Number of protein chains: 2
Amino acid sequence: MAGKITIQDIAQLAGVSKTTVSRVLNERPDVNPETRERILQIMDQQGFFPSLAAAGLAGGRSRLIGALVSVSHWPLIPEIMKGITEVIDQSPYELVLYSVNASNDKKDFSEVIDRILATKLTAGILAIYPGQSASHLAELCREGFPVVMFDDQVNPPEDISWVGADQRTGAYEATRHLLQQGHRRIAHIQGPLKYQVSLDRYNGYCDALTEAGIELDPELVLQGDFMPTGGKECTTQLLTALGKRPTAIFVASDLMAYGALSTITECGLRVPDDIALIGYDDIPFSMHAQPALTTVRQPFYEMGKCSIELLLRMIDPPETKVRSWNHKSALRPQSDIAAPVLPMSPVHIKLSTNLVVRASCGAIQPVQ
Amino acid sequence: MAGKITIQDIAQLAGVSKTTVSRVLNERPDVNPETRERILQIMDQQGFFPSLAAAGLAGGRSRLIGALVSVSHWPLIPEIMKGITEVIDQSPYELVLYSVNASNDKKDFSEVIDRILATKLTAGILAIYPGQSASHLAELCREGFPVVMFDDQVNPPEDISWVGADQRTGAYEATRHLLQQGHRRIAHIQGPLKYQVSLDRYNGYCDALTEAGIELDPELVLQGDFMPTGGKECTTQLLTALGKRPTAIFVASDLMAYGALSTITECGLRVPDDIALIGYDDIPFSMHAQPALTTVRQPFYEMGKCSIELLLRMIDPPETKVRSWNHKSALRPQSDIAAPVLPMSPVHIKLSTNLVVRASCGAIQPVQ
DNA sequence: CTGTTAGCGCGTTCAT
DNA sequence: ATGAACGCGCTAACAG
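Small disclaimer: the values here were computed from a predicted structure and weren't measured.

A. Fine view of the nonpolar core. Counting 158 residues, the largest nonpolar core has Met81 and Ile128 of chain A together with Met81 and Ile128 of chain B as the members making the most contacts within it. Among the elements that make up this core, the one with the highest residue count is helix α12 (residues 300-315) of chain A (nine residues). Once you skip the residues sitting within four places of it in the chain, Ile128 of chain B turns out to touch Leu68, Val69, Ser70, Ile77, Ile80, Met81, Ile84, Phe109 and Phe150 of chain B. Listed in part, the 46 residues of the second largest apolar core include Leu52 and Cys141 of chain A together with Leu140 and Trp162 of chain B.

B. Quick peek at the domain arrangement of chain A. Under the domain assignment, chain A is made up of domain 1 (8-50), domain 2 (64-164 + 301-317) and domain 3 (167-298). In this structure, domain 1 of chain A and domain 2 of chain A have C-alpha centres spaced 35 Å apart.

C. Just the protein's contact with DNA strand C, in detail. With respect to spatial proximity, 25 residues lie near DNA strand C, and among them Ile7 of chain A together with Thr19, Thr20, Arg23 and Asn32 of chain B are the closest. Among all atoms of DNA strand C positioned within 4 Å of the protein, those belonging to sugar or phosphate total 59%. In this structure, Thr35 of chain B approaches DNA strand C through a side-chain N or O atom, which is 3.0 Å from a phosphate oxygen. Contact distances for DNA strand C include 3.0 Å between a base oxygen and a backbone N or O atom of Ala58 of chain B. It is helix α4 (residues 52-59) of chain A that contributes the most residues to the surface near DNA strand C, four residues altogether. Here the residues of the surface near DNA strand C sort into 10 nonpolar, 12 polar and three charged.

D. Spotlight on the interface of chain A and chain B. Each side of the interface is counted separately: chain A has 52 residues, and chain B has 50 residues. Between chain A and chain B, a total of about 5,000 Å² is buried, with carbon and sulfur atoms accounting for 60% of that surface. On the surface where chain A and chain B come into contact, there are zero salt bridges. Counting across the chain A and chain B interface gives four residue pairs in polar contact (both at pLDDT 80 or more). Sorting the residues of the side of chain A that touches chain B by element identifies α4, α5 (77-89), β2 (94-100), α6 (105-119), α7 (134-142) and α11 (254-266) of chain A as the ones contributing at least two each. No other element matches the six residues that β2 of chain A contributes to the side of chain A that touches chain B.

E. Here's a closer look at the protein's contact with DNA strand D. Around DNA strand D lies a shell of 28 residues, among which Thr20, Arg23 and Asn32 of chain A together with Ile7 and Ser22 of chain B are the nearest. For DNA strand D, the backbone portion of the atoms within 4 Å of the protein, that is sugar and phosphate, comes to 60%. Note that a phosphate oxygen of DNA strand D is positioned 2.7 Å from one of the backbone N or O atoms of Asn32 of chain A. Contact distances for DNA strand D include 2.9 Å between a phosphate oxygen and a side-chain N or O atom of Ser22 of chain B.

F. Structural view of the packing of helix α8 (residues 167-180) of chain B against helix α9 (residues 196-211) of chain B. Residue and element names in this part refer to chain B. At a minimum axis distance of 7 Å, the contact between α8 and α9 shows a crossing angle of 40°. Relative to α9, α8 is oriented oblique. Regarding α8 and α9, the two cross each other, and that crossing is right-handed. The residues of α9 that touch α8, namely those facing Gln167, Arg168, Ala171, Tyr172, Thr175, Arg176 and Leu179, are Val197, Asp200, Arg201, Asn203, Gly204, Tyr205, Asp207, Ala208, Leu209 and Glu211. Of the residues belonging to the contact of α8 with α9, the class tally is seven nonpolar, four polar and six charged.

G. Quick peek at the sheet that holds strand β3 (residues 124-128) of chain B. If you trace the 12 strands from one edge of the open sheet to the other, you get β11(A)-β5(A)-β4(A)-β3(A)-β1(A)-β2(A)-β2(B)-β1(B)-β3(B)-β4(B)-β5(B)-β11(B), paired in mixed fashion. Among the strands making up the open sheet, the edge pair consists of β11 (348-351) of chain A together with β11 (348-351) of chain B. Strand-to-strand, the axes of this sheet are offset by a mean angle of 20°, without reference to chain direction. Pairing between β2 of chain A and strand β2 (residues 94-100) of chain B: three bridges, direction antiparallel. Bridging from a neighbouring strand, Val96 of chain A pairs with Val96 of chain B of β2 of chain B. Relative to the sheet, α7 of chain A contacts β3 (124-128) and β4 (147-150) of chain A, its axis offset from that of β4 of chain A by approximately 155°.

H. Up close: α9 of chain B. Residues and elements named next belong to chain B. With 16 residues, α9 should cover 22 Å at 1.5 Å per step; its first-to-last C-alpha distance of 22 Å lies within 8% of that length. All of the buried residues in α9 are Gln196, Val197, Ser198, Asp200, Arg201, Gly204, Tyr205, Cys206, Ala208 and Leu209. Those residues of α9 that are buried lie in contact with α8, β6 (186-190), β7 (221-223), β8 (248-251) and β9 (276-281). Immediately downstream of α9, the backbone of Gly213 shows phi near 75°, a positive value.

I. Spatial organisation of the sheet that holds strand β7 (residues 221-223) of chain A. All names here are of chain A. Strand order across the open sheet formed by six strands is β7-β6-β8-β9-β10-β12, with mixed pairing between neighbours. Edge strands, defined here as strands with exactly one partner in the open sheet, are β7 and β12 (354-356). Strand-to-strand twist of the sheet, defined as the mean angle between neighbouring strand axes without regard to direction, takes the value 20°. Looking at chain direction, strand β9 (residues 276-281) and strand β10 (residues 294-297) are connected through four bridges and run parallel. Note on β10: the bridge partner recorded for Tyr280 is Val296. Its contacts with the sheet put helix α8 (residues 167-180) on β6 (186-190), β8 (248-251), β9, β10 and β12, and the angle it makes with β9 is roughly 165°.

J. Structural detail: the pairing of β9 of chain A. Residues and elements named next belong to chain A. Taking burial as the measure, the six residues of β9 include six buried ones, the bulk of the element. Direction of pairing for β8 relative to β9: parallel, over a ladder of three bridges. Counterpart to Phe250 in the pairing with β9 is Ile278.

K. Main features of the pattern of salt bridges. Residues and elements named next belong to chain A. Under the defined criterion, the tally for this structure stands at 20 salt bridges over all chains. Of the charged contacts in the structure, one is a salt bridge between Arg185 and Asp217, with a shortest N-O distance of 3.6 Å. Pair noted here: Arg185 is in the loop between α8 and β6 and Asp217 is in the loop between α9 (196-211) and β7, with a separation of 32 residues, a long-range link. What makes Arg185 partly exposed here is its relative accessible area of 25%. Glu302 is the partner of Arg297 in a salt bridge, and the nearest nitrogen-oxygen pair spans 3.3 Å.

Each value, and the rule that gives it
Residues numbered from 1 in each chain as written. Chains lettered and ligands numbered in written order. Predicted model: local features only at pLDDT ≥ 70, side-chain atom pairs only at ≥ 80, totals over all residues. Heavy atoms only, no water. Core = buried A, V, L, I, M, F, W, Y, C linked by side-chain atoms within 4.5 Å. Buried < 20%, exposed > 50% of the residue type's maximum accessible area, 1.4 Å probe, protein only. Helix = DSSP H or I, 4+ residues; strand = E, 2+ residues; numbered from the N terminus. Contact = heavy atoms within 4.5 Å. Domains from an automatic or database assignment. Near = heavy atom within 4 Å. Polar contact = N/O pair within 3.5 Å; in protein donor to acceptor, adjacent residues only side chain to side chain. Nonpolar A, V, L, I, M, F, W, Y, C, P; charged D, E, K, R; others polar. Buried area = accessible area lost by both parts, 1.4 Å probe. Salt bridge = Lys/Arg side-chain N within 4 Å of Asp/Glu carboxyl O. Axes fitted to C-alpha atoms, helices over the stretch in contact; angles between N-to-C directions. Parallel < 35°, antiparallel > 145°, perpendicular 65-115°, else oblique. Left-handed = near helix turned anticlockwise from the far one by under 90°. Pairing = 2+ DSSP bridges. Expected span 1.5 Å × (residues − 1).

Here it is, written out as structure tokens:
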């Protein structure tokens, strides 16, 4: 409810100097317990919160985390955000949202990144599906700026931390499931090949085929765009291929699977009876599709949580927790180019996906 | 690319004082055009951006906008955000995202609001579906703090600005459409009655019925929770009601409509042949449902855009644009309680919805 | 038109 | 264990 009380005010009410108040604010151990209590009480009795802006300025750090999201991935964002905000809520940090237009994929992202850096607003960056900008981010990373990629770029700069999901295994399991249902002609609709995930999923598909001793039929592999429209187009192509229609399709995204579903239905065919379908992502809606979509679940919520936790750890290394203040001083004393403080070597976390079997793959009778 | 250059640096390179640099930064008219050009050039040649934190601190204002979103509305958020971020991108402001757990509906929201206020981090608040916290927000508003509600609370505090959609008309049109298809027994699955939108939509439904001279059958109106599960439950109830099954259902949210759809299908009935269905919202997925869902489109993107534009205008009144700097000074000179600067009377904007006719209502043959 | 002088609210040295 | 003084990067008064 309160408005704009400052450290100063608290200091007066408590009959101490602002320095002392500042100390309890920063949880310094060297404050008289009684004084601390008194100050603490006055603080929340007055509803006092320190100004993030001023604290950041003075302390040379910031309590803001920048989250970069490209609009083209919006359908996946809610779940991710849920994980992220949950962690942020428990921390002293706030989230600044930077949205990037997918249009000029490369340029836009970098531009925003530069701006973020230059305004020195945020203490770190969480880049959600940065795509082509990965290399730009890696550079930052090398300069010691905390960055975590939410993605699956397995080959790019190894010196950047990321959290992703095990795409290849996920795709493998999906395909194998289809194989186990007796399917032999299994098509695959890929995502754009410029994304590593598309490759990974394709490889998983191949793995399963190989394992089953089935030769890859190039005609059954089409490249889509991760969007419903692409799914429709590829499916149409698949269905009109004379004579040798697939009996199952492993689609590299739920969104494309929706497109496939409608195309199949419009052609008078039925899922899963005529064609079995498995998607990828398990976005919230997929369980409500008709028929419910079997899909590979990416643990978005967990990934979000994990990535932000990692970033927070990079920014505030846990440091042995005990009497650490004495050494904390000197924040880049007078060096011109910031001395890389990078306290952790890059961390790569790959969470596992798992197959969610529903009606669209034919393994389940539409019960319940 | 650059790192941490300051106004100071620019000033030196340009051979002027920081004050002058600051002036061009703030687009003051009183700077020598040549000097301005030179400085401008040096600035972006050095990739300089002023520190938001410092600028905010010094100027007594902030370049951050707080966006409050409750997690229970995530499915609708992406579209809204798209509109919001697009506007933000074109402005000197950044977006701080505050996520609120829906659990303690009331308490959580207010808590966050207080914190936002206290940290003085943001220049204004955009509250997306604040629900029960509306009154708390109104209070802020009265104190002169810029607030805009993204919502449809028609009855609550009139002194708070909001942008919403014309729910009643939307519902009316949907119901009328069903009526025009010849349906007489039209059920309605409502949202929770604690929300104004639920009432509005219900009223629209009644309007259409009344207009058609049909008496309202209370048994055909059920209260859901806006979620798929609620849709399923209500639909089940509707279908098992002996003897007098409705031939059409107007569902107050797409999410609930998905639940209805699956329940109907599971009962061996078909949409739209046995039961016609119309949803509400037109969330991105609805066009890909099977059958494609007829629904009332809420212009989320436009509403997002509109609401943030309104907020920005409240924060920076357009002021006649010409030579306004002279008077801009004195930001609450020495008053203790901030003198309400509130430059605009509350604005209420209601955008219109529109019926998107697809397959689920039976008006269109599954062509294309 | 431009430079000079003060702070904004806080963290962080030094002292004590 | 505590206080005084200085500065973070910038804007805002005041003089020239």
